[in-house]
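Fold and contact review
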Amino acid sequence: MRKPVMAGNWKMNKTRDEALQFIYAVSDKLPSNDVLDSIVCAPAIVLRDLVKRQGDSLRIGAQNMHYAASGAYTGEISPNMLVTTGVEYVILGHSERRAYFNETDETVNLKVKAALDNGLKPIVCCGESLEERENGTTHDVLTRQITLALKDISSDGLANVIIAYEPIWAIGTGKVASAEMADEACGFIRSLVKDLYCEKCADEIRILYGGSVSTKSVEELMAQPNIDGGLVGGASLNSDSFIELCNKAI
Ligand code: 13P
């Protein structure tokens, strides 16, 4: 059995005060870590503050990192710097990073390797655009993104990877993919993992759906056989809503 995951992606939201208010509001109200991995992926500047107050049932993640250990990359943050904050997870290859910050399948792969080398658990994002969905190339896009993101990653490394399927047309639009559509895509990704690795690897890897997940849609999504959790933007910003998402995920 795969342990479900509920991961909030705050994106570029919340000041330090707002982040602290959130963490105090959710502490003691989340399901035990034995039954659910509840994760908040926050802006880098508040990560250390959140880790110090995360409690037993919440884990903290970053939203991006550079793949190099150090160097002349003004404004960037390295994997080992993230490690010193105490975070456990890092989102890599989010479609917003691909669209606005020139992230490519190749850089995502370098980042996945660097994260694993540093003991961080990557949440690797993939997903098609509306145009790709409509012209029937969703499977081609997912095949390319997943194959390249996981290039040269061993099955031991894969055991620490979470994949998030986030159709771009469903992100922040209120247009949640139907549960069947989301499950079909997550099932396709699982079959890719089977082809690239092994059946056991495919059975064990956790695949999340992201894109306008809300407290209303979460239960139907979670009931799908191939969906192991959510990567949630807007609905993760409010503490009550995040608590409800986590409780409905188990
Ligand atoms: P929304 O839940 O706001 O659509 O964002 C999804 C997302 O991009 C999570 O990474």
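Residues numbered from 1 in each chain as written. Predicted model: local features only at pLDDT ≥ 70, side-chain atom pairs only at ≥ 80, totals over all residues. Heavy atoms only, no water.

**Section: the site of the ligand**
Defined as follows: Here, proximity means that at least one heavy atom of the residue falls within 4 Å of the molecule or strand. Any N or O atom pair separated by 3.5 Å or less is treated as a polar contact, with the protein-specific requirement of one donor-capable and one acceptor-capable atom, and with residues adjacent in sequence counted only for side-chain atom pairs. Reported accessibility uses the Shrake-Rupley method at a 1.4 Å probe radius. Residues are deemed covered only where the shown protein chains occlude them.
In the vicinity of the ligand there are 13 residues, among which K11, H94, G172, S212 and G234 approach most closely. One of the side-chain N or O atoms of N9 is found 3.0 Å from an oxygen atom in the ligand. About the coverage of the ligand: the protein hides 94% of its 300 Å² of free accessible area.

**Here we look at the packing of helix 1 (residues 16-26) against helix 12 (residues 239-248)**
We count it as follows: To obtain each axis, a line is fitted to C-alpha atoms, and for helices this fit is confined to the stretch in contact; angles are then taken between N-to-C directions over 0 to 180 degrees. Numbered from the N terminus, helices here are DSSP runs of H or I no shorter than four residues, and strands are runs of E no shorter than two. Just so you know how the angles are binned, under 35 degrees is roughly parallel, over 145 roughly antiparallel, 65 to 115 roughly perpendicular, and the rest oblique. The sense of a crossing depends on the near helix, which, turned anticlockwise from the far helix by less than a right angle, makes the crossing left-handed and, turned clockwise, makes it right-handed. In what follows, residue pairs with any heavy atoms lying within 4.5 Å of each other are defined as contacts.
Contact geometry for helix 1 and helix 12: axes closest at 9 Å, N-to-C directions at 45 degrees. It follows from the interaxial angle that helix 1 and helix 12 lie oblique. Crossing handedness for the pair helix 1 and helix 12: right-handed. Facing helix 1, whose interface residues are F22, A25 and V26, helix 12 presents S239, F242 and I243.

**Here we look at the side chain of N9**
What counts here: The cut-offs for exposure are 20% and 50% of the maximum accessible area for each residue type, with area from a 1.4 Å probe on protein chains only; residues under the lower value are buried, those over the upper are exposed, and the others partly exposed.
Looking at the element boundaries, N9 is found in strand 1 (residues 5-9). A relative accessible area of 5% means that N9 is categorised as buried. Here K11 takes part through its backbone nitrogen, which lies 3.0 Å from a polar atom of the side chain of N9. What N9 contacts, discounting residues up to four positions off in sequence, is C41, Q63, I91, H94, L231, V232, G233 and S236.

**Structural notes on the nonpolar core**
Note the following rule: Nonpolar cores are built from buried Ala, Val, Leu, Ile, Met, Phe, Trp, Tyr and Cys residues. Side-chain atoms within 4.5 Å join them into one set.
Ranked by internal contacts, the top residues of the largest apolar core, which has 67 residues, are M6, I60, I163, Y209 and F242. Counting residues in each nonpolar core, the second largest holds 12 residues, with A7, C41, A164 and L231 among its members.

**Focus on the sheet that holds strand 1**
This is how it is decided: When DSSP locates at least two bridges between a pair of strands, those strands are taken to pair.
Spatially, 8 strands are ordered 1-2-3-4-5-6-7-8 in a closed barrel, and the strand pairing comes out parallel. Within the sheet, the average angular offset between the axes of one strand and its neighbour, ignoring direction, is 25 degrees. Strand direction decides the pairing type here: strand 6 (residues 162-165) and strand 7 (residues 206-210), joined by 4 bridges, are parallel. Bridge pairing in strand 7 places I162 opposite R206. Its contacts with the sheet place helix 5 (residues 105-117) against strand 4 (89-92) and strand 5 (121-126), and it is angled at close to 160 degrees to strand 5. Together, strand 5 and strand 6 form the strand contacts of helix 7 (residues 138-149), whose direction differs from that of strand 5 by roughly 155 degrees.

**Considerations on the packing of helix 5 against helix 7**
Where helix 5 meets helix 7, the closest approach of the two axes is 8 Å, and the angle between their N-to-C directions is 40 degrees. Of the two elements, helix 5 crosses helix 7, and the hand of that crossing is right-handed. Of the residues in helix 7, those in contact with D105, E106, V108, N109 and V112 of helix 5 are R144, Q145, L148 and A149.

Geometric values such as these leave the question of function open.
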